[in-house]
Amino acid sequence: MGSAKNTSNASRKARIEEMRRADRARDRRGRVLTITLGAVLVVALGVGGFFLFDNASDDSGPKDDAKGWPKYKVSADGEKVWGKLGRTHVTKKVDYPMTPPVGGDHNQVWMNCNGDVYEKEIPEVNAVHSLEHGAVWVTYNDKAKPADLKKLEAKVKATPYSLMSPVKDQKDPVMLTAWAHQRTVSGADDPKVKEFFSKYVQGKQTPEPGAACTSGMAQ
C-alpha cells in the first residue's frame, strides 16, 4: 500500500515537473518571438522613415521659384502665360523676375493708361497697377525700328486702356504685356499686335475690370 502511494506521488511530481518545463519552454519561445518582432518593427520603421524622407526630398512636382513667383507656360505661338500673381499694394520697390513685369505686388497709384505714350522709362510698380486695370503695355528698347515705333505710338494713342514706354533692359526690341501675359512681336505690322490688343485690352485676364486709367501718375 505504501509503495503504491509513493509511486503515485512520484508520478504526480514527474507530471508537475514536466508541466513546469513546458511552461518555461513556452515563456522562452514567447520572449524570443517578442524580441524578434520588436527588431523587425524597428527595422521597418527605419526603412519607412527613410523612404518618406527620400520621397519628400525628391519631389519632382512643379515649384514656385525662390521668390514665390509662379512659373510661366509658353503657348504654341510663343506667348508667355503666368499663373496667379500677387496684387498687394506696396510702397517699396518690387524685385520683379521678368522685364518688363507682367503683374504682382505694385504701388497703389497707377500710371495713366488712357492711350498714354511716355518718352522716358516709367516706374514698374506703377505700370503694373495699370495692367491690373486691364491695360496693354507696349515696350521697346533701343533696337526697335523708328518706323515701328511711330505706328505703335499711333495705335496706343487711339486705344484707351493702353500705354507705351521704353524699357532699355528688355530682351527683345518690341514686347507687349498684359496682366500675366507677355509676348514679343517682330514689329508694328506683326498680326499678333492686333490680336493681343483685341484680346487683352480690358480682357478676361483683368483683375479689376472697369477701374480707371486716368487720374493716376504721369511723367
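Residues numbered from 1 in each chain as written. Predicted model: local features only at pLDDT ≥ 70, side-chain atom pairs only at ≥ 80, totals over all residues. Heavy atoms only, no water.

**Student:** Any chance you could explain the pairing of strand β5 (residues 162-166) here in plain terms?
**Tutor:** Every regular strand shows the same layout, with side chains that alternate between the two sheet faces. Of all five residues in β5, five are buried; the element is thus mostly enclosed. Burial along β5 is two-sided: the face carrying Ser162, Met164 and Pro166 and the face carrying Leu163 and Ser165 are both buried. One ladder, built from three bridges, connects strand β3 (residues 114-117) with β5; its direction is parallel. Following the sheet pairing, Asn114 is matched in β5 by Ser162. As paired elements, strand β4 (residues 136-140) and β5 share five bridges and run parallel to each other. (Buried < 20%, exposed > 50% of the residue type's maximum accessible area, 1.4 Å probe, protein only. Helix = DSSP H or I, 4+ residues; strand = E, 2+ residues; numbered from the N terminus. Pairing = 2+ DSSP bridges.)

**Student:** Help me out: how do you make sense of the pattern of salt bridges in this one?
**Tutor:** It is possible for side chains bearing opposite charge to pair when their charged atoms get close. Scanning all chains against the criterion turns up eight salt bridges. The closest approach of N and O atoms between Lys192 and Asp77, which form a salt bridge, is 2.8 Å. Separated by 115 residues along the polypeptide, Lys192 in helix α4 (residues 191-200) and Asp77 in the loop between β1 (72-74) and β2 (80-82) bring together distant segments of the chain. With a shortest N-O distance of 3.9 Å, Arg183 and Glu79 are connected by a salt bridge. Here Arg183, found in strand β7 (residues 181-184), pairs with Glu79, found in the loop between β1 and β2; they are 104 residues apart in sequence, far enough to count as distant. The burial state of Arg183 is the same as that of Glu79; both residues are buried. When salt bridges that share partners are traced, they join Asp77, Glu79, Arg183, Lys192 and Glu195 into one network. (Salt bridge = Lys/Arg side-chain N within 4 Å of Asp/Glu carboxyl O.)

**Student:** So what exactly am I meant to see when it comes to the nonpolar core here?
**Tutor:** Inside soluble globular proteins, nonpolar side chains tend to come together where they are buried. Within the largest apolar cluster, 24 residues are counted, with the highest numbers of intra-cluster contacts made by Leu85, Tyr96, Ile122, Trp137 and Leu163. If you tally residues by element for this core, the top one is helix α2 (residues 124-132), at four residues. Not counting residues within four places of it along the chain, the set of residues in contact with Trp137 comprises Pro100, Pro101, Ile122, Ala127, Leu131, Leu163, Met164, Ser165, Val167, Met175, Leu176 and Thr177. If you look at the next biggest cluster of nonpolar residues, it comprises 17 residues, including Tyr140, Ala144, Val174 and Leu176. (Core = buried A, V, L, I, M, F, W, Y, C linked by side-chain atoms within 4.5 Å. Contact = heavy atoms within 4.5 Å.)

**Student:** Is there a simple way to explain the state of the cysteines in this structure?
**Tutor:** Disulfide: a covalent bond connecting the sulfur atoms of a pair of cysteines. In this structure the tally under the stated criterion is one disulfide. For Cys113, the disulfide goes to Cys213, at an S-S distance of 1.6 Å. Taking the torsion about the S-S bond as the criterion, the Cys113 to Cys213 disulfide, at about -90°, is left-handed. Residue Cys113 is located in the loop between β2 and β3, and its partner Cys213 is located in the segment after α4; the two are separated by 100 residues in the primary sequence. Here Cys113 and Cys213 have matching classes, each one buried. (Disulfide = S-S within 2.5 Å.)

**Student:** For this particular structure, what's the right way to read the packing of helix α3 (residues 146-157) against α4?
**Tutor:** Each pair of packed helices gets described by two things: the angle between the helix axes and the distance between those axes. At a closest axis distance of 13 Å, the pairing of α3 and α4 adopts a crossing angle of 20°. It follows from the interaxial angle that α3 and α4 lie roughly parallel. Between α3 and α4 lies a crossing whose hand is right-handed. Across the interface between the two elements, Leu152, Lys155 and Val156 of α3 pack against Val193, Lys194 and Phe197 of α4. (Axes fitted to C-alpha atoms, helices over the stretch in contact; angles between N-to-C directions. Parallel < 35°, antiparallel > 145°, perpendicular 65-115°, else oblique. Left-handed = near helix turned anticlockwise from the far one by under 90°.)

**Student:** Looking at this structure, how should I read the side chain of Gln182?
**Tutor:** Looking at where Gln182 falls in the secondary structure, it is placed in strand β7. Sequence-distant contacts of Gln182, defined by excluding residues within four places in its chain, comprise Glu79, Lys80, Trp82, Pro100, Val102, Met175, Leu176, Thr177 and Phe196.

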